[in-house]
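So you can see what is in the structure, the chains are spelled out below.
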Amino acid sequence: MGKKRKHSEAELPAAKKEETAPERPKRTLLGWKDKPENEQELTGFRNREKVLVTCSRRINYRYRHLMLNLVSVLPHCKKDNKVESKATKGATLNELVELKSCSSCLFFECRKHKDLYLWMSKCPNGPSVKFLVNAVHTMEELKLTGNHLKGSRPLLTFSSNFDKDPHWILLKEMITQIFGTPKEHRKSKPYHDHVFVFSIVDDHIWFRNYQISCPHTGADKIDRGGLEKMTLIEVGPRFCLNPIKIFGGSFGGPTLYENPFYVSPNQIRSLEKRQKAGKYAKKVKAKTRRKAHEMTNQLETDEFADMWKE
Amino acid sequence: MDLRTSSLPFSLYSCCSNNKIHNLLMVYSYTYTPLSEYEMAIKKPTPKLLETLPEDIDMGASESDPETESEPESESESEGDEDVKLAEPSKTAIYNKEAILDKLEDIRWPLDVDWMHKLSLDIDQEQEVDVNDDLARELAFYTQALEGTRQAFVKFQTMGLPFLRPTDYYAEMVKTDTHMEKIKGRLLSEKRRIEEAEERRKARENKKKAKEVQAEKQKERTKQKKDEIESVKKWRKQRQQSGFAGGEKDGDMGLPFENGKESDTSKKNKRAGISAWDRSGGKAKQSGGKDRKGGNGKRKSREFRDSKYGFGGKKGLKKQNTAESTNEFKGFKKGDSFQNKKRKK
């Protein structure tokens, strides 16, 4: 009796299974076969950007923290060991990028423990840009009070003057590729809660990162009022990029653009020093001149000088 | 930078700036130009730029040329800060537009790529921003970001995609909880500090006000007193002029202070010859002089000492002269000689 019943029970689900089984999508080693493929066919495009992030040796802690912040903000990046910054660094970096199978690279080069240069390059044969970085604020600063999901895809906003000149357009394209997290990246999260700002002010690119805080009631629909009430809280980091040069190749090649207004920080410092340096020499010079002057036009002896002396 | 003085934790930029930003946004007219459009615009040669940069086509030029390095020496920098620029563009700077556009074509994603891949938005800057004005600059960035997110959210909504994090979706954040705790602590302490300062300021103001009120009162009081005295004087004058018309009656109208005066004078008469503060009631001078035998029971020395050093009553002012004592030269000579002797020593 017992056996029989069991048998009949087992039969029923099996029958159900047969009904549902054909609907199951086919699986391959790399994931589900059907649906994504269809989508890809529609757009014919998939963003497979990977960014290598490294820095030079003897980098400042502040700049290192900036780099780490960027690493935490870009889920599609790979951080690598420090690289010795010498003349042949371009070749080694290219090799490294290839080794890590990345398609672009952010290289933080610190010189003299105070000047930070950022190389942004498309590998293996895209253009590369060298920036001078200043006005750096890291995420650790307590004044920056925002916070957002690690790995959520950022919205990129550009100021309209990026469309003014060819080199700005090129930079914009590079920035969208490097800073935008690829869609459906495995480390990315499905929501959007932060926004990047790239704005050109005074021929510098200013970067800001804001958290989007929006009062909502769980549902994904927000009305007009919700949009009005939306506020942004800064998360950091902050920095300001001053483009110095654009090269044709990755970490080298012909120069395509050169910033005509650029003055290197070394020059600025030397100029300052020179302004300060002349002080003592000037004083000595003035003294000798005075002496010479006194020698040439001597005072006539005063005839009444010892009138009251006796 | 310092938009963040509002003290509430985690809603920094909120109330104060929101209205302003909102107003700005109303003025906005943003355009989202598709790529192909501005490409056309660029490919047209811009004569002005070409004029300013005559030798901009040498591809093979080496990276660094010494001329640009030596140029800025003559011109004086305003500040040794971050934003130092050449006054005029250096002539030798390379600008190879064709090559740049070529490269752009190389690396660019296909033009018909879905917006979801890029998530990029172009926002019009409504006006030139002054770099050195921190507040204006940050506000410009903020408005840019805000406008961008609004547009993006509208897009997401039309596409029907989820974009807001559900409240029960917990995941790793960029900043750790300990760090956020620190931030919170700082905000709270800042808030407290501001409140305390406010309180102190208030207290100070109150004090000042109280002082003023007090001074006012004092003034009023003195004025009243003066008025009263004046009125009395007037009244007296009138009475004198009218020749005591009221007779007895008027005299008896008796202002209290007059009575007081009388009594005062009588007292004075009573104590005539005694200094105002002599506690022994004039005894000292008597006993100090000749009358030493008046003791009844008490020892003489005690009496003397009492009179000399005082016994009860107010101390001090004992040696002060009265009108009588000044005219009295009785003990003068003696004391004088005595003193002189001492001085000679």
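Below is a short write-up of the structure. (Residues numbered from 1 in each chain as written. Chains lettered and ligands numbered in written order. Predicted model: local features only at pLDDT ≥ 70, side-chain atom pairs only at ≥ 80, totals over all residues. Heavy atoms only, no water.)

### Considering the packing of aromatic side chains
Counting across every chain of the model gives 22 aromatic pairs over all chains. The interplanar angle of 40 degrees and the centroid separation of 5.9 Å between the aromatic rings of Trp206(A) and Phe141(B) together place this pair among those described as tilted. Residue Trp206(A) is located in strand S10 (residues 204–213), and its partner Phe141(B) is located in helix H7 (residues 134–159); the two belong to separate chains. Comparing Trp206(A) with Phe141(B) shows no difference in burial state: the two are buried. Pairing Phe153(B) with Phe156(B) gives two aromatic rings, centres 6.4 Å apart and planes at 50 degrees, and the pair type is tilted. Residue Phe153(B) and its partner Phe156(B) are both found in helix H7; the two are separated by three residues, about one turn of the helix. When sorted by exposure, Phe153(B) lands in the same class as Phe156(B), which is buried. By way of ring pairs, the aromatic residues Phe158(A), Phe162(A), Trp168(A), Phe179(A), Phe196(A), Phe198(A), Phe207(A) and Phe239(A) are connected into one cluster. Arg111(A) extends its terminal NZ or CZ atom over the ring of Tyr117(A), reaching a point 4.9 Å from the ring centre. Seen from the ring of Tyr95(B), Lys97(B) lies directly overhead, with NZ or CZ sitting 5.4 Å from the centre. (Phe/Tyr/Trp six-rings, centres within 6.5 Å; stacked < 30°, edge-to-face > 60°. Helix = DSSP H or I, 4+ residues; strand = E, 2+ residues; numbered from the N terminus. Buried < 20%, exposed > 50% of the residue type's maximum accessible area, 1.4 Å probe, protein only. Lys NZ or Arg CZ within 6 Å of the ring centre and 35° of its normal.)

### Some thoughts on the interface of chain A and chain B
At the interface, 93 residues of chain A touch 94 residues of chain B. Asp122(B) is paired through a salt bridge with Lys172(A); the nearest N and O atoms lie 2.8 Å apart. Counting every contact that joins chain A to chain B gives 32 residue pairs in polar contact (both at pLDDT 80 or more). Among the elements that line the side of chain A that touches chain B, the one with the most residues is helix H5 (residues 166–179) of chain A, at nine residues. (Contact = heavy atoms within 4.5 Å. Salt bridge = Lys/Arg side-chain N within 4 Å of Asp/Glu carboxyl O. Polar contact = N/O pair within 3.5 Å; in protein donor to acceptor, adjacent residues only side chain to side chain.)

### Brief notes about the pairing of strand S7 (residues 128–137) of chain A
All names here are of chain A. The buried fraction of S7 amounts to nine of the 10 residues, a majority that puts the element mostly inside the structure. Sheet topology places strand S6 (residues 115–122) next to S7; six bridges connect them, and they run antiparallel. Across the sheet, residue serine 121 finds its bridge partner in S7, namely serine 128. Here S6 hands over to S7 after five residues, the two strands then running antiparallel side by side. (Pairing = 2+ DSSP bridges.)

### Comments concerning the nonpolar core
Nonpolar side chains tend to gather and get buried jointly when the protein is soluble and globular. All names here are of chain A. Judged by nonpolar contacts, the single largest core of 51 residues is most densely connected at Leu106, Phe108, Met120, Phe179, Phe198 and Ile205. Tallying contributions element by element places H5 first for this core, with eight residues. With residues up to four places along the chain from it excluded, the contact list for phenylalanine 179 reads Leu70, Leu74, His76, Met120, Pro154, Leu156, Phe196, Phe198 and Phe207. (Core = buried A, V, L, I, M, F, W, Y, C linked by side-chain atoms within 4.5 Å.)

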